[in-house]
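# Survey of secondary and tertiary structure
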Amino acid sequence: MSYVLIIGANSDIAKACAREYAKNGYDLYLALRDKDRLNDFKQDIEVRTKRAVKLLELDILDFNSHQGFYNSLDEKPLGVISAVGYLGKHKEAQKSLKETRKIIDTNYTGVVSILNIIANDFEKRRSGFIVGISSVAGDRGRKSNYIYGSAKAALSAYLSGLRNRLYESQVQVLTVKPGFVATKMTEGMDLPQRLTAQPDEVARDILKAQQSGKDIVYTKWIWRYIMLIIKAIPEWQFKKMSI
Amino acid sequence: MLCTAWGNYPKIECKRYKFNTIEELGEIIDSKSPLIPYGNGRSYGDSALAHHIIETRQRDYFIDFDEKSGLLYIEAGVLLSEILEHFVPRGWFLKITPGTKLITIGGAIASDVHGKNHHKEGCFSSCVKEFEIMLPDGKIVTCTPKDTPNLWRATCGGQGLTGVILRAKIYLKKIESKYIRQTTIKTANLKETFEAFEEYSDMPYSVAWIDCLAKGEDIGKSLLMVGDFDSDGELDYRLKDTKTIPIDFPVFALNSWSVRAFNMLYYGRVKEKISKQRVDIDTFFYPLDAIGDWNRIYGKRGFTQYQFILPKESSFEGLQRILKEISNSGKGSFLAVLKLYGKANNNWLSFPMEGYSLALDFKIESGLFELLDRLDRIVVEYGGRIYLTKDVRVSKDIFEKGYPNIDKFREFREKNGMSGVFESLQSKRLEI
């Protein structure tokens, strides 16, 4: 068993994780909706590291396909990283259930659907790790992105429960809470440089936290303290604020 | 947004553009010019600064590697450090590397960088088999010295003024160890330093650290470091975490006293006339990369590196005059690097020529540019020239005297519609 499965593999954080894990000696299953988009990237990792990289087709919103997807893996992965994320168009989502559903189903329902299947297998074989990339946006709802934030909050709660359940079976569950990250998702946003991580920095943090058996990791680390403060603001005050 | 390069001087307002596809790049060149490609921001001065810059760092895919010939095919945004990280453990090293590994392949070509083995292996372009470049009209050309000689001569060393380099094929060299057997020779003056360079000219790698504040008899006293790769099979190489300098030092932190003290300690540390060490790749080739953002020690106002080269026959006399001038000015430099170079290549704006080059850092302060103007005049008087990749202030007149092929370069840019499309602050100042 040498494969790590990365779901939502086309995201910048996922790609950075792929490079980081390959560099550290793992082979990769990269799962995404349109697998041809990563042909060049697969080659990049193979030339860099000589690890095996397999591209797999997976539509996170096609829940019914998930069991078949996992069954089709001849060699089961030793761990999984879900980097699925869809920020969505918040303003549009306020008016349209369709966009709201897309945000919730991508960030939450779809991830839960696939992780349920994987968790059952890992529990049975009593080994493995599950890394879920959530977000600091799930720590407190804010007016600018609370639909995305609420889906991530649900994901964080799910991962917490899963960790509790799988503790007995020695399966590690790691919740990753990135703050600002310089990716396609945030391109064009004016992010404060000192608080913004590069994707490869996030990937290094993830590998380190996963390998050392952590439960929750904020990246950059300072976001743990920023969110502590933000969570401590009383609601009567928070509701008046624009942050 | 404020943009700057490694010297933190100048800082200018600029817009940065990224591209995900070739089509996007074409559109940016069409609609946002004049602009200049920008790699990892390690050129010192204004050669990659403009009000519109096009970022290439994110184009960082490895494409192919041929284990037999050592030919590596990569995108232009790949850093040298990424190549080392993956290929040193497999027994490969860069054929030519400058003193930092934190530059992109595109930047290495556009500066036609050189390293401690210039006297043996020449500039970076000599390890490049070919590169692909997008020209102003959006066409992508595969450039080789044989098929497109003028584009090659203009682009290697051409400071990004001919187009956007997209991919390149470069040859790596086989190594059997990550360690270098180094010999350090302590010399007492410039004459001894020159003699030592000649004596050790067969060594593949050589460079001298020179004390620029030494006076009188001592002028030119140096530590010459020469070396070659070991053969012990030890190849376990990982990128180290760098120490960082979290803030800009106050501007008064570096003065002639603190630099004098540093230089004395550094020189005094070496006791014997000739000593031998075994050091790793990072210590030997990239000592400064170990401290991230070391440019911040020069404070908010920034710094510049003054690097010139003199033809071999006039080097001794010219260097003595220049060192005296610097020493009298009291303007210090932590790092003054002296090296004997091999023959010049045919690229129109490549810096190296056969002779001695000296590179020194100066923090930006009043009186500095006057001093550098004085040095410029000595440099051209002895038939030398200034390195564009480090430069931020040289005058058109001085620059032109050092680069006899400049009019070929200008003509080529004009004829191929590059002028006005690819421009940096430097290209405008020097009217290239």
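Residues numbered from 1 in each chain as written. Chains lettered and ligands numbered in written order. Predicted model: local features only at pLDDT ≥ 70, side-chain atom pairs only at ≥ 80, totals over all residues. Heavy atoms only, no water.

## Some remarks on the state of the cysteines
Think of a disulfide as a covalent bridge from one cysteine sulfur atom to another cysteine sulfur atom. Residues and elements named next belong to chain B. Put simply, the rule is: A pair of cysteine sulfur atoms is labelled a disulfide when the two atoms are within 2.5 Å. Counting from the N terminus, the helices are the DSSP runs of H or I reaching at least four residues and the strands are the DSSP runs of E reaching at least two. Working definition: with a 1.4 Å probe on protein chains only, accessible area under 20% of the residue-type maximum means buried, over 50% means exposed, and in between means partly exposed.
For the structure on display, the rule yields one disulfide over all chains. Each sulfur of the disulfide joining C3 and C14 lies 1.8 Å from the other. Of this pair, C3 sits in strand 1 (residues 2-3) while C14 sits in the loop between strand 2 (12-13) and strand 3 (15-17); the two residues are eleven residues apart in sequence, bridging distant segments of the chain. For the pair formed by C3 and C14, the shared burial category is buried. In this model C156 remains outside any disulfide bridge; the closest cysteine sulfur is found in C143, 6.6 Å from its own.

## Things to note about the interface of chain A and chain B
Stated precisely, the cut-off is as follows: Every residue pair with non-hydrogen atoms within 4.5 Å of one another is taken to be in contact. Reported buried area values correspond to the accessible surface (1.4 Å probe) lost by two parts on association, with both partners' losses combined. Salt bridge, as applied in this entry: a Lys or Arg side-chain nitrogen positioned within 4 Å of an Asp or Glu carboxyl oxygen. Side-chain classes follow a simple rule in which Ala, Val, Leu, Ile, Met, Phe, Trp, Tyr, Cys and Pro form the nonpolar group, Asp, Glu, Lys and Arg form the charged group, and the remainder, Gly included, forms the polar group.
Taken together, the contact between chain A and chain B spans 13 residues of the former and 16 residues of the latter. Both faces combined, the contact of chain A with chain B buries some 1300 Å², and carbon together with sulfur accounts for 41% of it. In terms of surface lost to chain B, no three residues of chain A exceed K23(A), V47(A) and R48(A), which account for 45% of the buried area on that side. Linking chain A with chain B are four salt bridges, by the criterion used here. Salt-bridge contacts for E82(B) lead to R48(A); the nearest nitrogen and oxygen are separated by 2.9 Å. Taken together, the elements giving at least two residues each to the side of chain A that touches chain B come down to helix 1 (12-23) and helix 2 (39-49) of chain A. In terms of residue count, the dominant contributor to the side of chain A that touches chain B is helix 2 of chain A (seven residues). Taken together, the residues that form the side of chain A that touches chain B break down as two nonpolar, three polar and eight charged.

## A word on the sheet that holds strand 6 (residues 172-178) of chain A
All names here are of chain A. Cut-off, in case you're wondering: In this description, strands pair whenever DSSP reports at least two bridges between them. To obtain each axis, a line is fitted to C-alpha atoms, and for helices this fit is confined to the stretch in contact; angles are then taken between N-to-C directions over 0 to 180 degrees.
If you trace the seven strands from one edge of the open sheet to the other, you get 3-2-1-4-5-6-9, paired in parallel fashion. The sheet is open, and its two borders are formed by strand 3 (53-57) and strand 9 (216-219), each paired with just one other strand. If you compare each strand with its neighbour and ignore which way they point, the axes differ by 20 degrees on average. Direction of pairing for strand 4 (residues 79-82) relative to strand 5 (residues 129-133): parallel, over a ladder of four bridges. Paired with I81 across the strands is V131, a residue of strand 5.

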